[in-house]
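Chain by chain, the residues:
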Amino acid sequence: MSTQVKIPQGDEKVTVELTRKELMALAGIRFHGNHNIEVSARKKLNEALEETYEIDNGQGVPRQMLN
């Protein structure tokens, strides 16, 4: 079974507000003892993606596509 993903206005810019630490965590810097920084940043990105994607079958975006 194949799911078709459509990205309306796929070249449209999306703004996500991150702290400097969140940005650094997404760039690969590890904050040992505070994994919540990366988790918070990824959550913000996932929320922005969920607002963007539309799935043909109407079931939403599978979580594995957003990780």
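Here we summarise the structure given alongside this text. All figures in this text were calculated on a predicted structure; none of them were measured in a lab.

Digging into the overall build of the chain
Consideration 1: Within the chain, the secondary structure is distributed over three helices and two strands.
Consideration 2: Written out in order from the N terminus, the α and β elements of the chain read β-α-α-β-α.
Consideration 3: Scored against the burial criterion, the 67 residues of the chain give a buried share of 15%.
Consideration 4: Counting contacts in the chain only where the partners sit at least 6 residues apart, residues at least 24 apart contribute 47% of the total.
Consideration 5: Per element, the accessible surface of the chain, about 5700 Å² overall, is 48% carbon and sulfur.

A short note on the side chain of Glu-22
Consideration 1: Mapped onto the secondary structure, Glu-22 falls in helix H1 (residues 20-26).
Consideration 2: Of note is the side chain of Glu-22, whose polar atom sits 2.5 Å from the side chain of Ser-40.

Structural notes on the pattern of salt bridges
Consideration 1: Tallied over the full model, the rule gives three salt bridges.
Consideration 2: Glu-38 is the salt-bridge partner of Arg-42, the closest N and O atoms lying 3.2 Å from each other. Here Arg-42 pairs with Glu-38, and both are found in helix H2 (residues 36-52), just four residues apart, close to one helical turn.
Consideration 3: One connected set of salt bridges, linked through shared partners, spans Arg-30, Glu-38 and Arg-42.

Concerning the side chain of Glu-38
Consideration 1: Given the relative accessible area of 16%, Glu-38 is considered buried.
Consideration 2: The residues contacting Glu-38, other than those within four sequence positions of it, are Ala-25 and Arg-30.

Reading guide: rules and limits
Residues numbered from 1 in each chain as written. Predicted model: local features only at pLDDT ≥ 70, side-chain atom pairs only at ≥ 80, totals over all residues. Heavy atoms only, no water. Helix = DSSP H or I, 4+ residues; strand = E, 2+ residues; numbered from the N terminus. Buried < 20%, exposed > 50% of the residue type's maximum accessible area, 1.4 Å probe, protein only. Contact = heavy atoms within 4.5 Å. Areas by Shrake-Rupley, 256 points an atom, 1.4 Å probe, with all protein chains shown as cover. Polar contact = N/O pair within 3.5 Å; in protein donor to acceptor, adjacent residues only side chain to side chain. Salt bridge = Lys/Arg side-chain N within 4 Å of Asp/Glu carboxyl O.

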